[in-house]
Amino acid sequence: MEAADVVVSLREVAGGPELLELADAHGGIWLVGGAVRDLLLGRSPGELDVVVEGDVGEVAGRLGEPVLHERFGTATVQGDGFAIDLAAPRTESYPAPGALPEVAPATLAEDIERRDFTINAIAVRLPDGEVLAEPRALADLQSGTLRVLHPGSFEDDPTRVWRMARYAGRLGFRPDEETAALAAQAGPGQTSGERIGNELRLILAEDDPSAALEALAEYCPQALPAGFSCRPERLAPALELLPADGRRDLLVLAACVAAMDTATLQRWLDDLAFPAADRDLVVASSRWVTGEPLRAAQGRAAVLRAARGAPVEAVALAGGDNAALWLEELRHLELEIGGDDLIAAGLEPGPQVGAALERALEAKAEGRCSGREEELAAALEGAGGTGA
Ligand code: ATP
Ligand code: MG
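In short, a report on the structure.

Quick notes on the rules
Residues numbered from 1 in each chain as written. Chains lettered and ligands numbered in written order. Predicted model: local features only at pLDDT ≥ 70, side-chain atom pairs only at ≥ 80, totals over all residues. Heavy atoms only, no water. Helix = DSSP H or I, 4+ residues; strand = E, 2+ residues; numbered from the N terminus. Rg over C-alpha atoms; globule rule 2.2 N^0.38 Å. Areas by Shrake-Rupley, 256 points an atom, 1.4 Å probe, with all protein chains shown as cover. Lys, Arg positive; Asp, Glu negative; His and termini not counted. Charge placed at Lys NZ, Arg CZ, Asp CG, Glu CD. Pairing = 2+ DSSP bridges. Axes fitted to C-alpha atoms, helices over the stretch in contact; angles between N-to-C directions. Near = heavy atom within 4 Å. Polar contact = N/O pair within 3.5 Å; in protein donor to acceptor, adjacent residues only side chain to side chain. Nonpolar A, V, L, I, M, F, W, Y, C, P; charged D, E, K, R; others polar. Phe/Tyr/Trp six-rings, centres within 6.5 Å; stacked < 30°, edge-to-face > 60°. Buried < 20%, exposed > 50% of the residue type's maximum accessible area, 1.4 Å probe, protein only. Lys NZ or Arg CZ within 6 Å of the ring centre and 35° of its normal. Contact = heavy atoms within 4.5 Å.

**Some words on the overall build of the protein chain**
For step 1, the next point in the chain: The helix and strand tally for the protein chain stands at 22 helices and 11 strands.
For step 2, the next point in the chain: Computed over the C-alpha atoms, the radius of gyration of the protein chain is 27 Å, more than 25% above the 21 Å expected from 2.2 N^0.38 for a compact globule of 388 residues.
For step 3, the next point in the chain: The dimensions of the protein chain, computed from C-alpha atoms along their principal axes, are 85 × 45 × 35 Å.
For step 4, the next point in the chain: For the protein chain, the accessible surface area stands at approximately 17,900 Å², while carbon and sulfur atoms represent 49% of it.
For step 5, the next point in the chain: Looking at the protein chain, you have 34 positive and 65 negative side-chain charges, and the mean spots of the two groups are 4 Å apart.

Here it is in structure tokens:
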């Protein structure tokens, strides 16, 4: 596809017609970055990145109700099934390697030069299709090459190594020799763990996170902690088992970090600014606490006992028939009675109430009781001291 044909394919994607209509009425609207890359590759872009020569807020306001990000002079408009990111052309300079950039107004040509890879350094003017691109951009897109624009690129912004891995995994592209050599030497500089963590979280959300992680391990192995495994054997079957209410991203991560020691893993996840609940889920699921007992369990009651309280991600990772049985069926099992019923029947309040309910649930799982009366009987069976 020719770069100018981008305008034709833009009509077919969500938000494209709205953007083109705006550009008919307003000059200086350029489609840039990933959106152009994806359209040229025949892929559908995640969101439409737009550079506006003019007042970003005003232009964004014509598209809908924008959310304005004052600090960066950018705006986002959410429409029906699409998002458009608008920004004025800018340069970014790095006060220290890996520090947050200082942003200054610039020409569109300068804005193109600050980009991460040549394949993302293409702008197409709307609606006429005029192209402004880094000179190697279109050839690199054609040959599947990931090339930084200058040798200091990874030093300026170490998150670009992670971005490179994401593009490599997603598009099957490969860095050119010089870019690969630069990636091999790249360190985190002063980049915050949170920014690196955000890149890891983007990788985990990819269709094939393992492909991106393998690219990272190949080109920048120092970016991953010791013991990290990019495509662990258990991952594919676990993903098959994971129910829709499970966290796919955290399951992937848990599978990858199973060989790391707990303290190192916890520290790493904290550095990367994972929310505490997500961190705990990854740690718990990757430790296999339920794995062995669950795989060894014989019978439905034993499966119920072995999986009790485990997150669905941990059970999916444990794998096997018992995991499937619990995920698909047993975890949804509910009693018709509750603790109050047992207390009303004379049981002393305390831990024995929970234990009795557990007994009834196991009986129900095995088909030994159904309905309130039988559940109650199963719960109270052998409870002792019912006082009744
Ligand atoms: P995706 O398809 O995952 O959205 P994308 O290429 O569109 O990927 P965005 O994060 O949406 O990436 O950013 C849009 C564009 O902004 C990129 O294509 C690139 O030109 C530029 N960009 C984003 N992050 C960086 C960065 N860290 N350094 C330089 N340029 C960047
Ligand atoms: Mg994008």
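**Some points on the sheet that holds strand β1 (residues 29–32)**
Backbone-to-backbone hydrogen bonds pair the strands of a sheet. The strands run either parallel or antiparallel.
For step 1, the next point in the chain: Pairing is mixed across the open sheet formed by 7 strands, whose spatial order is β3-β4-β5-β2-β1-β8-β9. Unpaired on one side and paired on the other, β3 (67–69) and β9 (131–133) mark the two borders of the sheet. For this sheet the average axis-to-axis angle between neighbouring strands, irrespective of direction, equals 25°.
For step 2, the next point in the chain: Relative to β9, strand β8 (residues 122–126) runs antiparallel, the two being bridged by 3 bridges. Across the sheet, residue V124 finds its bridge partner in β9, namely V131.

**A look at the site of ligand 1**
For step 1, the next point in the chain: Around ligand 1 sit 16 residues in total, of which R37, D157, R166, Y167 and R170 are the nearest.
For step 2, the next point in the chain: Side-chain polar atom of E47 to an oxygen atom of ligand 1: 3.1 Å apart, as the coordinates give it.
For step 3, the next point in the chain: In the model, a nitrogen atom of ligand 1 is placed 2.9 Å from a nitrogen or oxygen of the R160 side chain.
For step 4, the next point in the chain: Look at ligand 1: alone it shows 590 Å² of surface, and the protein chains cover 81% of it.
For step 5, the next point in the chain: For the shell around ligand 1, the element with the highest residue contribution is helix α8 (residues 159–171), accounting for 6 residues.
For step 6, the next point in the chain: Partitioning the shell around ligand 1 into residue classes produces 1 nonpolar, 4 polar and 11 charged.

**Remarks on the packing of aromatic side chains**
For step 1, the next point in the chain: Scanning the model with the defined rule gives 3 aromatic pairs in all.
For step 2, the next point in the chain: Each ring, one from F117 and one from F154, has its centre 6.3 Å from the other, and the planes form 55°; the classification is tilted. Residue F117 is found in the loop between α5 (108–113) and β8, and its partner F154 is found in helix α7 (residues 153–156); the two are separated by 37 residues along the sequence. Each of the two residues, F117 as well as F154, counts as buried.
For step 3, the next point in the chain: Ring geometry for F228 versus W268: centroids 5.9 Å apart, planes at 75°, classification edge-to-face. One end of the pair, F228, is in the loop between α11 (209–219) and α12 (235–241); the other, W268, is in helix α14 (residues 262–271), with 40 residues separating them in the sequence.
For step 4, the next point in the chain: In this structure F228 comes out as buried when scored by relative accessible area, which is 13%.
For step 5, the next point in the chain: Ring pairs connect the aromatic residues F117, F154 and Y167, which therefore count as one cluster.
For step 6, the next point in the chain: Note that R234 overlies the ring of W288, its terminal NZ or CZ placed 4.5 Å from the centroid.

**Some remarks on helix α19 (residues 321–328)**
For step 1, the next point in the chain: Residues of α19 that are buried include every one of N322, A323, A324, W326 and L327, and no others.
For step 2, the next point in the chain: On the buried face of α19, the contacting elements are α12, α16 (291–296), α17 (300–307) and α18 (312–318).

**With respect to the side chain of S210**
For step 1, the next point in the chain: As for its placement among the helices and strands, S210 is situated in helix α11.
For step 2, the next point in the chain: We classify S210 as buried; its relative accessible area is 3%.
For step 3, the next point in the chain: Looking at S210, its side chain comes within polar contact range of the main-chain oxygen of C230, at 2.8 Å.
For step 4, the next point in the chain: Excluding anything up to four places from it in sequence, S210 contacts C230, R231 and L235.

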